[in-house]
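# Examination of the molecular architecture
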Amino acid sequence: MDEQALYQMTYGLYVVCAAHGGEKSGCVVNTLQQVTAQPVKLAVTVNKENYTTELIGRAKRFAAVALDQRADLLQIGRFGFRTGRDFDKFEGIETGKDQSGIPYPTGCACAFYSCRLMDTVDLGTHLMFIGEVEQAERLSEEPPLTYAYYRTVIKGKTPKNAPSYHEGQ
Ligand SMILES: Cc1cc2nc3c(=O)[nH]c(=O)nc-3n(C[C@H](O)[C@H](O)[C@H](O)COP(=O)(O)O)c2cc1C
């Protein structure tokens, strides 16, 4: 398999968030996408080991923000390289809350979505959650952060839990 072919795929970068029973987390993903228009549904693929995955399964809901180009390695590191199991990722940063109380970061995000979980597909290492959008809002006029911009301009890396991880990246 020519792995260079996989590098030709394009993505945005998002933080998907969940909360249940007083616990909360959120993780960076490049796998959020709109999959239907009527009704509007989003799909996201998250690693079974992620704390966010556990919370989405328990709450049957998730929220997400589209990161914009103000996001830097510090902010991406908070949500993309550390787990929320032992650390409150929302403490000390600007946040909003969706109608069900799920917190989400607002400081470097251009849009927000809140979804009710409709289906879960087991992909082995990852679960794909499919949710119906109940709230959506523009948060800034900044351009959305693409995965290509993250890799080439911000010079960011991809951790093992991301589906797009490749050895020797
Ligand atoms: C650029 C980037 C893309 C990522 N994409 C995904 C993804 O699509 N799915 C996933 O499960 N993890 C992805 N990750 C890894 C998670 O964000 C990371 O494992 C996170 O620390 C999990 O946090 P949690 O345990 O609090 O849920 C990505 C990380 C980065 C930096």
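## Some points on the packing of aromatic side chains
Applying the stated criterion to the full structure yields 4 aromatic pairs. When the ring of Tyr-11 is compared with that of Tyr-147, the centres are 5.5 Å apart and the planes differ by 85 degrees; the resulting orientation is edge-to-face. Residue Tyr-11 is found in the loop between helix H1 (3-6) and strand E1 (14-20), and its partner Tyr-147 is found in helix H4 (residues 147-152); the two are separated by 136 residues along the sequence. By relative accessible area, which is 27% here, Tyr-11 ends up partly exposed. Given a relative accessible area of 12%, Tyr-147 falls into the buried group. With a centroid separation of 5.5 Å and an interplanar angle of 65 degrees, the aromatic rings of Phe-79 and Phe-90 are classed as edge-to-face. With Phe-79 in helix H3 (residues 73-80) and Phe-90 in the loop between H3 and strand E6 (95-97), this pair connects stretches of sequence that are 11 residues apart. When its relative accessible area of 6% is taken as the criterion, Phe-90 is described as buried. Counting every residue linked through ring pairs, the aromatic cluster contains Tyr-11, Tyr-147 and Tyr-150. Arg-82 extends its terminal NZ or CZ atom over the ring of Phe-87, reaching a point 3.6 Å from the ring centre.

## Concerning the site of the ligand
Taken together, 28 residues are adjacent to the ligand, and Ser-25, Asn-47, Thr-52, Thr-83 and Gly-84 come closest. Measuring from an oxygen atom of the ligand, one finds a side-chain N or O atom of Asn-50 at 3.0 Å. A distance of 3.5 Å separates an oxygen atom of the ligand from a polar backbone atom of Phe-79. Computed on the free molecule, the ligand has an accessible area of 660 Å², of which 97% lies beneath the protein chains in the complex. Contributions of two or more residues to the shell around the ligand are made by strand E2 (23-29), strand E4 (40-47), helix H2 (51-59), H3 and H4. Considering every element that reaches the shell around the ligand, the biggest residue donor is E2, with 4 residues. Of the residues assigned to the shell around the ligand, the class counts are 13 nonpolar, 12 polar and 3 charged.

Thresholds, definitions, all that
Residues numbered from 1 in each chain as written. Predicted model: local features only at pLDDT ≥ 70, side-chain atom pairs only at ≥ 80, totals over all residues. Heavy atoms only, no water. Phe/Tyr/Trp six-rings, centres within 6.5 Å; stacked < 30°, edge-to-face > 60°. Helix = DSSP H or I, 4+ residues; strand = E, 2+ residues; numbered from the N terminus. Buried < 20%, exposed > 50% of the residue type's maximum accessible area, 1.4 Å probe, protein only. Lys NZ or Arg CZ within 6 Å of the ring centre and 35° of its normal. Near = heavy atom within 4 Å. Polar contact = N/O pair within 3.5 Å; in protein donor to acceptor, adjacent residues only side chain to side chain. Areas by Shrake-Rupley, 256 points an atom, 1.4 Å probe, with all protein chains shown as cover. Nonpolar A, V, L, I, M, F, W, Y, C, P; charged D, E, K, R; others polar.

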